[in-house]
Structure formats: structure tokens, C-alpha cells
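A look at the structure
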Amino acid sequence: MSPNKSNPLDWMNEDPFFKKKLSLKSLEEQWKLDPSQIDGYVEKIIKEATAATSSSFTNETSSLQFEHLDTHNYLITKIRIPSGIHPESIWAQINRTQIKLSGLGKDHNEIIPLPIPVNPDQSRGTYKQGSLQFRMPKMSAGKFRDIDIRYL
């Protein structure tokens, strides 16, 4: 078997997750990197990866600004209410896949789609400093049930 003459770190030249060329040129440069360069690269990649979820605070389907936060057991949705709307005039309705807000102006309703199904019966809403927040428990996958097997 002949020895492999290629660089053992060639796999590092392309990031498999983001499908982009890494800024590392050769093995010698990889070992001479300043830790601040590595930190800068990691921060840049994290910003690129999270830009789609965190920077797009508005949604095409709604004129309101909102964001979803997915935790282990809950979906938390934060909605910014425009300054001209009195918070006590807002009426919210939730089903498994949407939040419907009424009272946002003359005959103006907004429907905000939810990324995952929630349990509307146990959902709670709070308003504080121009932000309406809903804490909604996720729908469980259900319990496993024993199934009788017929042997033929």
C-alpha cells in the first residue's frame, strides 16, 4: 500500500455544513492562526446560520413583527404591537396552528401561523411594554399503547 501524499486535513478546506470554502489555505496557515481569527470565523458562521431566524422579525403573511421561540415543552411567540393600538382592545384567539388577533384597527385582523401544533386550551398570553407574548404548550406525540398481536 503506498502512502497517501495528500494533506490529511484536506477535509477542512470545505465546511460540510454550510457548503462553503473555509478561509484556511494550507496546513502551515492552519497552525499559525491567531485565536482571534478563529473566534471571528466562528462568530461569522454563527451569524450566517442564525440570520434566517433571528433577523427576519417580520413575516410576509403578517404586517406585525413577531418571532417564535421553540423550547423543549413550549412554543413562545412574541408579537410587537404598534404604538397607536390600545392593548386592551386586542382580542386573541389560538387554535392548534394559528394565532388570530382582532382589534388592531378598523376591521383589521391578523393571523400568525405557528411552526408546530400547540395545545390552545393551556395557552397563556401576557402584554408588557408594547409586546404581546403567548406561551403555548406543544402538542404531545401521545402515549404508547399496547397493541394485541394476533398470531396466525
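Refer to the preceding data block for the structure.
Computed from a predicted model, the values in this text were never measured in an experiment.

1. As for the pairing of strand β7 (residues 98–102)
When strand β6 (residues 91–94) meets β7, the two strands line up antiparallel, connected through four bridges. Following the sheet pairing, I94 is matched in β7 by I99. Once β6 ends, the chain turns through three residues before running back antiparallel as β7. One ladder, built from four bridges, connects β7 with strand β8 (residues 110–113); its direction is antiparallel. Each bridged residue has a counterpart across the sheet, and for K100 the counterpart in β8 is I111.

2. Focus on the environment of T126
Mapped onto the secondary structure, T126 falls in strand β9 (residues 124–128). In this structure, the C-alpha to C-alpha distance between T126 and K78, residues 48 residues apart in sequence, is 9.6 Å. When near neighbours in sequence (up to four residues on either side) are disregarded, T126 contacts S131, L132 and Q133.

How each quantity is defined
Residues numbered from 1 in each chain as written. Predicted model: local features only at pLDDT ≥ 70, side-chain atom pairs only at ≥ 80, totals over all residues. Heavy atoms only, no water. Pairing = 2+ DSSP bridges. Helix = DSSP H or I, 4+ residues; strand = E, 2+ residues; numbered from the N terminus. Contact = heavy atoms within 4.5 Å.

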